[in-house]
Amino acid sequence: MIRCAIVTTPIDPAALLAEVTTPATGATTLFVGTVRDVNEGRAVTGIEYSAYTAMALEEMERIAHEASSQFDGVRVAVEHRVGLLVLQEISVAIAVAHARRAPAIDAGRFIIEELKRRVPVWKQEQYVDGERAWVDPTAISVPVSVA
Amino acid sequence: MIRCAIVTTPIDPAALLAEVTTPATGATTLFVGTVRDVNEGRAVTGIEYSAYTAMALEEMERIAHEASSQFDGVRVAVEHRVGLLVLQEISVAIAVAHARRAPAIDAGRFIIEELKRRVPVWKQEQYVDGERAWVDPTAISVPVSVA
Amino acid sequence: MTQLQVLLFASYADAFGSGTVTVTVPEPATSADVVTALRSLPGGSVLPAAPVLAVDRRYTRGVVPVHAGQEIALIPPVAGG
Amino acid sequence: MTQLQVLLFASYADAFGSGTVTVTVPEPATSADVVTALRSLPGGSVLPAAPVLAVDRRYTRGVVPVHAGQEIALIPPVAGG
């Protein structure tokens, strides 16, 4: 079982857990990414997530299928949210269930690492001083002029 | 922040997630163990968990503090349930939050591995045929005469 | 020569002032032609030495042929999760 | 000789028919004396070659001194999680 989605409304982590857990699974892992208040020493008030939605969804599904091939029997649900998120809101949730804990843990880790590396999603941080910057993990942040 | 508990009522994974997540954390992991329907080829209907409660709690706290030393800044909540659990019920939940994902993931894994190795909790599986057996991970299951 | 539409996102869309730009490229065209054409447009200086291109929602590597009818997109450094 | 109370759990409690047994051991006593005394009781054959002992809710390693007033427990193979 694999389900991936790009969503615009709050992610419900408990729903994802329930979705992947069955009487045949014994271990479920959940990874949740949340908006935090500081990045590179700057006070953040929110993050605007945007995506190349069609490709992001396909790439998430490719990653989930790769996880499924590597860790036979995993059940996977992945949601990535887009739009403006405030502090502590969930940007991504990855739930993985398996009969045994090792594949559930390893597949969950594989998926978040690949998602960060490959899924076309971007974030623009909004700072306390009103400035904004696109987050570029390959470089230092690029300031954006405020509209 | 560290909180460990042995509980007798259903574990609420969403509550544990919320407890460890703060504006300063960016990644939260959750590990959930659930009762599954088959073990070593036998159909299971439920598991009776028991514990040396006082020591189990202390050992969980020692493990959480070890995780905290190894992965500075992690916030940890661990609950292990005892009593009779039916299929799909949660026996253990471990929530870990950190500013960054690597410590959150690594600490979560450390805690479940150490918990399985060290925390004095036992399970007696109940099978479809009415038999019961103590689960001994170091050996084959020991059948127990049914009362 | 032919015209191709290219999808832009995030910092690239900001730099080019649009989420879609049209480039004129030789025929048959390659991904390298698309990048060269983009560089000559206003905002083109934002592009790194080797920008990442996706065709039909898959990443490409090296120089690949492209043609009208494909979904061509330039992918800034991703930052999801 | 002195008497010590030992906590038993799970399969051990089943084997000895109780969650607490009293053993008589030499004074000063060691964890090895406790195990030897337990083996001589009905159900004692359930114990493995090197049973795990906890004193005051901490695992012990090798032979350690024990005395009345301590919380002494025999820990069957754990199976939590």
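Further up the page is the structure itself.
Procedures and definitions
- Residues numbered from 1 in each chain as written.
- Chains lettered and ligands numbered in written order.
- Predicted model: local features only at pLDDT ≥ 70, side-chain atom pairs only at ≥ 80, totals over all residues.
- Heavy atoms only, no water.
- Phe/Tyr/Trp six-rings, centres within 6.5 Å; stacked < 30°, edge-to-face > 60°.
- Helix = DSSP H or I, 4+ residues; strand = E, 2+ residues; numbered from the N terminus.
- Buried < 20%, exposed > 50% of the residue type's maximum accessible area, 1.4 Å probe, protein only.
- Lys NZ or Arg CZ within 6 Å of the ring centre and 35° of its normal.
- Contact = heavy atoms within 4.5 Å.
- Buried area = accessible area lost by both parts, 1.4 Å probe.
- Salt bridge = Lys/Arg side-chain N within 4 Å of Asp/Glu carboxyl O.
- Nonpolar A, V, L, I, M, F, W, Y, C, P; charged D, E, K, R; others polar.
- Pairing = 2+ DSSP bridges.
- Arc of directions from axis to C-beta.
- Polar contact = N/O pair within 3.5 Å; in protein donor to acceptor, adjacent residues only side chain to side chain.

Visitor: How should the packing of aromatic side chains be read in this particular structure?
Guide: In this description, an aromatic ring pair is defined by two values, namely the gap between the centres and the angle between the planes. Tallied over the entire structure, the rule returns four aromatic pairs over all chains. An angle of 15° between the planes, with centres 5.2 Å apart, marks the rings of Trp122(A) and Phe9(C) as stacked. Here Phe9(C) lies in the loop between strand S1 (2-8) and helix H1 (10-16) and Trp122(A) lies in strand S8 (residues 121-127), a pairing that spans two chains. Given the relative accessible area of 1%, Trp122(A) is considered buried. Three or more aromatic residues joined by ring pairs form one cluster here, namely Tyr52(A), Trp122(A) and Phe9(C). In this arrangement the basic side chain of Arg42(A) is found over the ring face of Tyr127(A), its NZ or CZ atom lying 3.8 Å from the centre.

Visitor: Looking at this model, I keep getting lost on the interface of chain B and chain A. Mind explaining?
Guide: Accessible area lost when the parts come together is the quantity often used to give the size of an interface. Listed per partner, the contact involves 33 residues of chain B and 33 residues of chain A. For the pair chain B and chain A, the summed buried surface comes to about 2800 Å²; carbon and sulfur atoms form 51% of the total. Along the contact surface separating chain B from chain A lie four salt bridges. Residue Arg109(A) pairs with Asp106(B) through a salt bridge whose shortest N-O separation is 2.6 Å. If you list the elements that add at least two residues to the side of chain B that touches chain A, you get helix H1 (13-20), strand S2 (27-34) and helix H3 (101-118) of chain B. A breakdown of the residues in the side of chain B that touches chain A according to their chemical character gives 15 nonpolar, ten polar and eight charged. Taken together, the seven bridges between strand S2 (residues 27-34) of chain A and S2(B) define a ladder with antiparallel strand orientation. Paired with Leu30(A) across the strands is Leu30(B), a residue of S2(B).

Visitor: Would you mind going over helix H2 (residues 31-39) of chain C with me for this structure?
Guide: For H2(C), every residue scored as buried is listed here: Ser31(C), Val34(C), Val35(C), Ala37(C) and Leu38(C). Down the axis of H2(C), the buried side of the element spans an arc of 160°, and every buried residue falls inside it.

Visitor: Please clarify how the interface of chain D and chain B should be interpreted in this entry.
Guide: Contacts between the two partners involve 19 residues from chain D, matched on the other side by 27 residues from chain B. Each partner contributes to the roughly 1800 Å² buried at the junction of chain D and chain B, and carbon and sulfur atoms together form 61% of this total. At the surface where chain D touches chain B, the tally comes to one salt bridge. Between Glu58(B) and Arg57(D) there is a salt bridge, with its nearest N and O atoms 2.6 Å apart. Across the chain D-chain B interface, the total number found is twelve residue pairs in polar contact (both at pLDDT 80 or more). Mapped by element, the contributors of at least two residues to the side of chain D that touches chain B are helix H1 (10-16), strand S5 (58-59) and strand S7 (72-75) of chain D. Looking at the side of chain D that touches chain B residue by residue, the class counts come to eleven nonpolar, three polar and five charged.

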